[in-house]
Amino acid sequence: MRRLVLLLSAGAIWLFLAALPALADGGPHVASINNGSSSLTTDSCAGCHRIHTAQAPLLLKTDEEALCLSCHGAATTGATTDVETGIQYVPASDGTRTGTQLGALRNGGFVEARIGTDDPARVRYGTQIADFYAKVGVGVSGPVTSAHLPELAGLTQPGRAWGNGANGSGPGPVVDISCGTCHNPHGNGQYRILNPIPLGNEPPPGFTPIPAPGQPVIDSPADNPDPAESDTKNYTVIQIRGTQGDDGTFLLYADDVLDGGYGPTTGDYWHRYVPWLPASTTARGSDAPNGRPSSFNLQMINWCSACHTRYNSPSGGERVDPITGDPDPIYHWQHQTSSNSRYNTACTTCHVSHGTNASMAVFSASVPYPNGDVPGVTPGIDNGASRLLKIDNRGTCQACHDPTDTTAVGDYDGPIPMPGIP
């Protein structure tokens, strides 16, 4: 897709951003500012819109992706999160980025990602089979092999919402998504300003989102209780526990990463805490970047299912029409997408949202898409596309399963990394 922001000179970038205020966490994306409930004198509208000289729909100053990347791109400093190369930077005092990397973003990047997919480790914590856990650390930045905005990444993957629609319908419609498909740039108080229903409640023809009222993903408190520290959230794979707030959530800020002494290559894309998890059932089931372990997984599953309506399978097994009992002709037997105290099988366990550098190079390289397109054979379909998975080939399966049933309990001799180092 359009790469305008990367072609701008440093001086042009400054002019482009001059209308934006100094940014704290959330930047101009704060609902109370943009809806006028806190003040009618906001200045953030002019950061993105022009009333008479707009160059894009919705009165935007320029193309939507270029506008978002003017702060969240690789060549700018307006936000700590660089969604192109999948990195979060240490915040400056005004909330903009410094040149120091904080860590790798949980969702990868649209152009590059830092998922250490070629070196996952299985670590043993006890003598039970349930005490084996996979770790996927932070690796060297590499080009993505699949992305939710494939044009931005320069890929030729189809822009399909796979699994969208009623049982018995096609594999999913072709859709044109953008940053605003998933996020509300004006702010809404939800986790990562996610729209309750992707596509801003205005699906294109043939697209069937789940019924209203949608599935909001609740966020942790916006304000850091320590006035001496930044409000900037921790969006990295360094899934630490911050200070527990009054409402019981754990406040996860960038300063918690710094205070813990974690380096930018620390963390785990398989969504486990660092240092390594203690052997407690409660800790095992906690994977909540918004600080809400009791609700995040289910909310995220439901949110993804707003587009991928036929992928959600709470208990696994056969997908059938609820009225006729006929099996779904395409999405027939499925892996469960629910989670319990020991295993996290939410969508975000196996997949990232933005883009991954995992590669499908062997048998998985040419696995057909649900509509029958074969990567590397069908014109315009890349070979080796990874479907946003986190581990090369189908290592994602082996991260949890031993299909041969030959791994002796208690006898595993794999790598056991030092605490805090994936």
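So, here is what we can say about the structure in this document. (Residues numbered from 1 in each chain as written. Predicted model: local features only at pLDDT ≥ 70, side-chain atom pairs only at ≥ 80, totals over all residues. Heavy atoms only, no water.)

**Considering the overall build of the protein**
Okay, step 1: When helices and strands are tallied, the protein shows eleven helices and 13 strands.
Okay, step 2: The buried share of the protein, taken over its 422 residues, is 47%.
Okay, step 3: Of the contacts made within the protein by residues no fewer than 6 positions apart, 62% connect residues no fewer than 24 positions apart.
Okay, step 4: Of the roughly 19,500 Å² of accessible surface on the protein, 58% is carried by carbon and sulfur atoms. (Helix = DSSP H or I, 4+ residues; strand = E, 2+ residues; numbered from the N terminus. Buried < 20%, exposed > 50% of the residue type's maximum accessible area, 1.4 Å probe, protein only. Contact = heavy atoms within 4.5 Å. Areas by Shrake-Rupley, 256 points an atom, 1.4 Å probe, with all protein chains shown as cover.)

**Some points on helix 4 (residues 64-72)**
Okay, step 1: Residues of helix 4 that are buried: Glu65, Ala66, Leu67, Leu69, Ser70 and Cys71.
Okay, step 2: Two to three positions downstream of the cap, the backbone nitrogen of glutamate 65 sits 3.2 Å from a side-chain oxygen, assigning the N-cap of helix 4 to aspartate 63. (Polar contact = N/O pair within 3.5 Å; in protein donor to acceptor, adjacent residues only side chain to side chain.)

**Side note on the packing of aromatic side chains**
Okay, step 1: In the structure shown here, the tally under the stated rule is three aromatic pairs.
Okay, step 2: Ring plane angle 15 degrees and centroid distance 5.1 Å describe the contact between tryptophan 162 and tyrosine 369, whose orientation is recorded as stacked. Residue tryptophan 162 is located in the loop between helix 5 (150-153) and helix 6 (179-182), and its partner tyrosine 369 is located in the loop between strand 13 (355-356) and helix 11 (395-398); the two are separated by 207 residues in the primary sequence.
Okay, step 3: When its relative accessible area of 7% is taken as the criterion, tyrosine 369 is described as buried.
Okay, step 4: Relative to tyrosine 331, the ring of tyrosine 311 has its centre 5.4 Å away and its plane inclined at 65 degrees; by these criteria the two rings are edge-to-face. Taken together, the residues span a long stretch of sequence, with tyrosine 311 in the loop between helix 9 (296-304) and strand 11 (317-318) and tyrosine 331 in the loop between strand 11 and strand 12 (333-334) at a distance of 20 residues.
Okay, step 5: Given a relative accessible area of 34%, tyrosine 311 falls into the partly exposed group. (Phe/Tyr/Trp six-rings, centres within 6.5 Å; stacked < 30°, edge-to-face > 60°.)

**Looking at the pattern of salt bridges**
Okay, step 1: Using the criterion set out here, one finds three salt bridges in the structure.
Okay, step 2: As a salt-bridge pair, aspartate 268 and lysine 135 come within 3.9 Å of each other at their nearest N and O atoms. Of this pair, aspartate 268 sits in the loop between helix 7 (254-259) and helix 8 (281-284) while lysine 135 sits in strand 6 (residues 132-135), and the two are 133 residues apart along the sequence.
Okay, step 3: Given a relative accessible area of 1%, aspartate 268 falls into the buried group.
Okay, step 4: Taking the relative accessible area as the measure of exposure, lysine 135 reaches 3% and is therefore buried.
Okay, step 5: Of the charged contacts in the structure, one is a salt bridge between arginine 310 and aspartate 328, with a shortest N-O distance of 2.9 Å. Taken together, the residues span a long stretch of sequence, with arginine 310 in the loop between helix 9 and strand 11 and aspartate 328 in the loop between strand 11 and strand 12 at a distance of 18 residues. (Salt bridge = Lys/Arg side-chain N within 4 Å of Asp/Glu carboxyl O.)

**Observations regarding the sheet that holds strand 1 (residues 81-82)**
Okay, step 1: What the three strands build is an open sheet, ordered 1-2-3; its pairing is antiparallel. Whereas interior strands pair on both sides, the edge strands pair on one side only; in this sheet they are strand 1 and strand 3 (97-104).
Okay, step 2: Note that strand 1 and strand 2 (residues 87-91) share two bridges and pair antiparallel. Paired with aspartate 82 across the bridge in strand 2 is isoleucine 87. (Pairing = 2+ DSSP bridges.)

**Overview of the pairing of strand 3**
Okay, step 1: The pairing of strand 2 with strand 3 spans four bridges and is antiparallel. Bridge assignment links isoleucine 87 to a residue of strand 3, and that residue is alanine 104.
Okay, step 2: If you look at the hairpin formed by strand 2 and strand 3, you'll find five residues sitting between the two strands, and glycine 95 has a positive phi there, around 90 degrees.

**Comments concerning the nonpolar core**
Okay, step 1: Counting 30 residues, the largest nonpolar core has Phe110, Ile115, Val136, Val144, Leu149, Tyr269 and Trp270 as the members making the most contacts within it.
Okay, step 2: Put simply, the parts of the chain that give this core at least two residues each are strand 4 (112-115) and helix 5.
Okay, step 3: Dropping the residues within four chain positions of it, leucine 149 is found in contact with Glu65, Phe110, Ile177, Ser178 and Cys179.
Okay, step 4: Counting residues in each nonpolar core, the second largest holds eight residues, with Tyr191, Met300, Trp303 and Cys304 among its members. (Core = buried A, V, L, I, M, F, W, Y, C linked by side-chain atoms within 4.5 Å.)

**What about the environment of leucine 67?**
Okay, step 1: Assignment of secondary structure puts leucine 67 in helix 4.
Okay, step 2: Sequence separation between leucine 67 and glycine 47 is 20 residues, and the spatial gap between their C-alpha atoms is 9.4 Å.

**Comments concerning the environment of leucine 58**
Okay, step 1: The residue leucine 58 is located in the loop between helix 3 (31-34) and helix 4 in this model.
Okay, step 2: On a C-alpha basis, the gap between leucine 58 and cysteine 48 in space is 9.8 Å, while along the polypeptide they are ten residues apart.

**Description of the state of the cysteines**
Okay, step 1: All chains considered together, the criterion is met by zero disulfides.
Okay, step 2: Looking at cysteine 45, it has no disulfide partner, and the nearest cysteine sulfur is the one in cysteine 48, 8.9 Å off.
Okay, step 3: By relative accessible area, cysteine 45 is classed as partly exposed at 42%.
Okay, step 4: No disulfide involves cysteine 179; its sulfur sits 3.8 Å from that of cysteine 68, the nearest cysteine. (Disulfide = S-S within 2.5 Å.)

**A closer look at the side chain of serine 386**
Okay, step 1: As for its position among the elements, serine 386 is in the loop between strand 13 and helix 11.
Okay, step 2: Of the residues examined, serine 386 reaches a relative accessible area of 0% and is grouped as buried.
Okay, step 3: Engagement of the side chain of serine 386 in a polar contact is seen with the side chain of serine 146, the distance being 3.0 Å.
Okay, step 4: Serine 386 has contacts with Thr145, Ser146, Thr356, Ala358 and Met360, leaving out every residue within four places of it along the chain.

**A closer look at helix 9**
Okay, step 1: With eight of nine residues buried, helix 9 lies mostly within the body of the structure.
Okay, step 2: Those residues of helix 9 lying buried are Phe296, Asn297, Gln299, Met300, Ile301, Asn302, Trp303 and Cys304.
Okay, step 3: If you follow the buried residues of helix 9, they end up packed against helix 6 and helix 10 (347-350).

Remember that the coordinates give geometry; whether it matters functionally is a separate question.
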